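Architecture and fold: a report
The lines below spell out each chain.
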Amino acid sequence: MREGTNVRIEARERGKLVALREVHNVWTKEGRKYIAEMMSLLSVDPDVPERDDRIQYIGFGMGGYKQNQRAMALSPPLSTVYPLGSTPHGSTGFTFRHDFMPTITSLELPVGMVATSAADVYSSGTATWRLRVFNSSDNSSWAVHPLPNVYRFEFRARLGTAFIFPPPPTGNEYPFMPLSEAGLYTSSALTTARPFEPPVAYVNFDTIQMSEDTDLFVIWDVTI
Amino acid sequence: MPHFTDTIEIKQNLSLIMRERGKIVARREGHNIWLDIGKQYIAELMTWLTIGPDVAERSDRIKYMGFGVGGTRQLSPAVANAPPISPPYVGTNAQTDVDPTVSVLERPVRISGSSSAYPGLAGDVWVGTIQAPVVHSIPSESTFRRLFAQTEISYGGFSSVPLSEIGLFTSAANPENYKNLMVAYDTFDTLSKTGAFDIEVAWTIRVT
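All chains use their own residue numbering, which begins from 1 and follows the written sequence. By the order in which they are written, chains take letters starting at A while ligands take numbers starting at 1. Only residues with pLDDT of at least 70 are given local features in this predicted model, and only at 80 or more are side-chain atom pairs given and counted; all residues enter the totals for whole chains, interfaces and linings. Computation of side-chain values covers all heavy atoms of the structure but excludes hydrogens and water.

1. Concerning the overall build of chain B
A run of DSSP states H or I qualifies as a helix once it reaches four residues; a run of E qualifies as a strand once it reaches two. Both are numbered from the N-terminal end. A tally of regular secondary structure across chain B gives two helices and 11 strands. Walking chain B from its N terminus toward its C terminus, one meets helices and strands in the order β-β-β-α-β-β-β-α-β-β-β-β-β. Computed over the C-alpha atoms, the radius of gyration of chain B is 18 Å, within 12% of the 17 Å expected from 2.2 N^0.38 for a compact globule of 208 residues. By principal-axis analysis of the C-alpha atoms, chain B measures approximately 55 × 40 × 30 Å. Burial status follows relative accessibility: with a 1.4 Å probe on protein chains alone, a residue under 20% of its type maximum counts as buried, one over 50% as exposed, and anything between as partly exposed. Taking all 208 residues of chain B together, 52% fall into the buried category. Residue pairs in contact within chain B that sit at least 24 positions apart in sequence constitute 71% of those at least 6 positions apart. As presented, chain B carries roughly 8,300 Å² of accessible surface, and 55% of it is formed by carbon and sulfur atoms. The sign given to each residue is positive for Lys and Arg and negative for Asp and Glu; His and the chain ends receive no count. Charge coordinates come from a single atom per side chain, which is NZ of Lys, CZ of Arg, CG of Asp or CD of Glu. Here chain B contributes 18 positively and 21 negatively charged side chains, and the mean placements of these two sets differ by 7 Å. Our radius of gyration is a C-alpha quantity, and the globule rule it is checked against amounts to 2.2 Å times the number of residues to the power 0.38. Residue contacts follow a heavy-atom distance rule, with two residues in contact if any of their heavy atoms lie within 4.5 Å. For the area figures, the Shrake-Rupley method with a 1.4 Å probe applies, and any residue is considered shielded solely by the protein chains shown.

Here it is in structure tokens:
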């Protein structure tokens, strides 16, 4: 991974690398609160922890200042399914940036990964908004510490199994999904019903244009 | 524009207030060090070991504090290196609070128990339990507090104990073990703890 970065995102089509992003994230206020509470006890003897969730999910979106396919994101069908301005943050669009906004409390334009509706899914909440980090059949390899103080998440997703697409406008062309933001979530975050959950870490990146044939691979290092 | 790094940082402030019948007689305040063991602790605390069923990599939480007469800021070496302090609390005064590889108190002292040399006897208590619930003055801060009473540390033949180091421990520590791994550490100018004094400790951890 390039020095100064901690998130690596590869997009491959039929094995060929078509996009590479190496960026650094922000550990949000929610993430800082998470660690402070995770260290703490509510009561002692018996010991009751203040919280007991672990980092578990990743979610993607089309928001953030690095989105360079804004016309696509702002046009039907994407804008029908993912209307701008729905975030509780009151975002006016493509303003979230990871390098000065630890107050980020959600993805700006989260995209669903499994859905049953082509309508405004933010209001219906019928999508699956986050997926568990990739796990091989060997559960013991799930948690990776390349160094004692570094926690590495690995995530792989085939577009066909993730990221819903609204119906093409004319019904013929394959839709594209212009991804430009991602977030990490703990196990306390719901995977459905709530698109705007607060991430513990957030990152923007130059748009990756996902197609049906795109495989996405993410490595996210969290360093203490 | 403020710069936010991609590394989580742990910053701390430690406050020690020694009182005699409620009146402050000495105070120590300052920064201290989050150790490499502490960094590993947080990385592992966020992690699942396995999923389906979900098994956490570790589940201990910060629970104990302990004192010692070690560290480079011991200002009463004549007291610290002579009976009744040494023996039993033998050792050097070489540890600093700028070395993240430090792992244990250099010369830990008992909260209560015997006066035996290291490793002590069954029933000796080396670390004290913090107060709960933990205080969060702001969401990203945790303040761990404990009051070390007059009869703690300074008991029996230990009429005056020249304290000069302190450690923060998780619930993985064994209070009856004299050498527990710490997550945070500090050395300070000597506080001579006697049976007339109590010490209030407030250890604030801030995640940035």
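2. Thoughts on the pattern of salt bridges
Residue and element names in this part refer to chain B. We define a salt bridge as a side-chain nitrogen of Lys or Arg found within 4 Å of a carboxyl oxygen belonging to Asp or Glu. Taken as a whole and assessed by the stated rule, the structure comprises 21 salt bridges over all chains. A salt bridge links E200 to R19; its shortest N-O distance comes to 2.7 Å. Residue E200 is found in strand β11 (residues 197-207), and its partner R19 is found in strand β1 (residues 10-20); the two are separated by 181 residues along the sequence. Here R73 makes a salt bridge to D189, at a shortest N to O gap of 3.3 Å.

3. Brief notes about the nonpolar core
We define the nonpolar core as a collection of buried residues of types Ala, Val, Leu, Ile, Met, Phe, Trp, Tyr and Cys that are connected through side-chain atoms lying within 4.5 Å of one another. With 86 residues, the main nonpolar core has M39, F60, Y82 and W220 of chain A together with W34, F67 and L168 of chain B as its most contacted residues. For this core, the element with the highest residue contribution is β11 of chain B, accounting for six residues. Excluding its chain neighbours within four sequence positions, the residues that come into contact with F67 of chain B are L16, L105, P108, V109, F148, I153, L163, E165, I166, F188, I199 and V201 of chain B. One finds I33, L105, V127 and Y185 of chain B within the second-largest nonpolar core, a separate group that totals 10 residues.

4. Structural notes on the interface of chain B and chain A
Between chain B and chain A, the residue contacts involve 45 residues of the former and 47 residues of the latter. Across the chain B/chain A interface, buried area totals approximately 3,900 Å², and carbon plus sulfur atoms make up 63% of it. Viewed at the interface, chain A and chain B are joined by three salt bridges. Here a polar contact means two N or O atoms within 3.5 Å. Within protein one must be a hydrogen donor candidate and the other an acceptor candidate, and residues neighboring in sequence count only if both atoms are side-chain atoms. Put simply, chain B and chain A have 15 residue pairs in polar contact (both at pLDDT 80 or more) between them. Secondary-structure elements contributing two or more residues to the side of chain B that touches chain A are α1 (36-45), β4 (48-50), β6 (62-68), β8 (141-148) and β11 of chain B. Top element by residues in the side of chain B that touches chain A is α1 of chain B. It accounts for seven residues. Of the residues contributing to the side of chain B that touches chain A, the split by class is 23 nonpolar, 13 polar and nine charged. Buried area is a sum: the accessible area each of two parts loses on coming together, probed at 1.4 Å, counted once for each and added. Side-chain classes follow a simple rule in which Ala, Val, Leu, Ile, Met, Phe, Trp, Tyr, Cys and Pro form the nonpolar group, Asp, Glu, Lys and Arg form the charged group, and the remainder, Gly included, forms the polar group.

5. Observations concerning the sheet that holds strand β9 (residues 160-170) of chain B
Residue and element names in this part refer to chain B. Spatially, the five strands line up as an open sheet ordered β3-β10-β9-β6-β7, and their pairing is antiparallel. Unpaired on one side and paired on the other, β3 (33-34) and β7 (128-129) mark the two borders of the sheet. Looking at chain direction, β6 and β7 are connected through two bridges and run antiparallel. Considered in β7, the bridge of M65 is made with G128. Here, strands pair whenever DSSP counts at least two bridges between them.

6. Regarding the packing of aromatic side chains
Residues and elements named next belong to chain B. Between rings of Phe, Tyr and Trp, where Trp is taken as its six-membered ring, a pair exists when centres lie within 6.5 Å; planes separated by under 30 degrees are stacked, by over 60 edge-to-face, and by other angles tilted. This structure, assessed with the given rule, holds 14 aromatic pairs over all chains. When the centroid spacing of 4.8 Å and the interplanar angle of 75° are considered together, the rings of F67 and F148 count as edge-to-face. Here F148 lies in strand β8 and F67 lies in strand β6, a separation of 81 residues in the sequence. The two residues F67 and F148 agree in class, both being buried. Centroid distance Y118 to Y178: 4.8 Å. Interplanar angle 25°. Geometry classified as stacked. With a gap of 60 residues between them, Y118 in the loop between α2 (77-80) and β7 and Y178 in the loop between β9 and β10 (184-194) connect regions that are remote in the sequence.

7. Concerning the environment of W34 of chain B
By the secondary structure assignment, W34 of chain B is in strand β3. Separated by 149 residues in sequence, W34 of chain B and V183 of chain B place their C-alpha atoms 6.2 Å apart. Leaving out residues up to four positions away in the same chain, W34 of chain B has contacts with M39 of chain A together with I10, Q12, K39, Y41, I42, I62, L168, V183, A184 and I205 of chain B. Within polar-contact distance, the side chain of W34 of chain B engages the backbone oxygen of G38 of chain B at 3.1 Å.

8. As for the pairing of β1 of chain B
Residue and element names in this part refer to chain B. The pairing of β1 with β11 spans 11 bridges and is classified as antiparallel. Bridged to S15 within β11 is A202. In the sheet, β1 pairs with strand β2 (residues 23-30) via seven bridges, with the strands oriented antiparallel. In the sheet register, E20 faces β2, and the bridge partner there is K23. Between the antiparallel neighbours β1 and β2 lie two residues, among them R21 with a positive phi of about 50°.

9. Here's the deal with unusual backbone geometry
A cis geometry characterises the amide bond from D45 of chain A onward to P46 of chain A, with omega recorded as 5°. Mapped onto the elements of the fold, P46 of chain A is located in the loop between β4 (41-43) and β5 (48-49). Omega for the peptide link from Y118 of chain B to P119 of chain B comes to 5°, which places this bond in the cis form. As for its position among the elements, P119 of chain B is in the loop between α2 and β7.

Geometric values such as these leave the question of function open.
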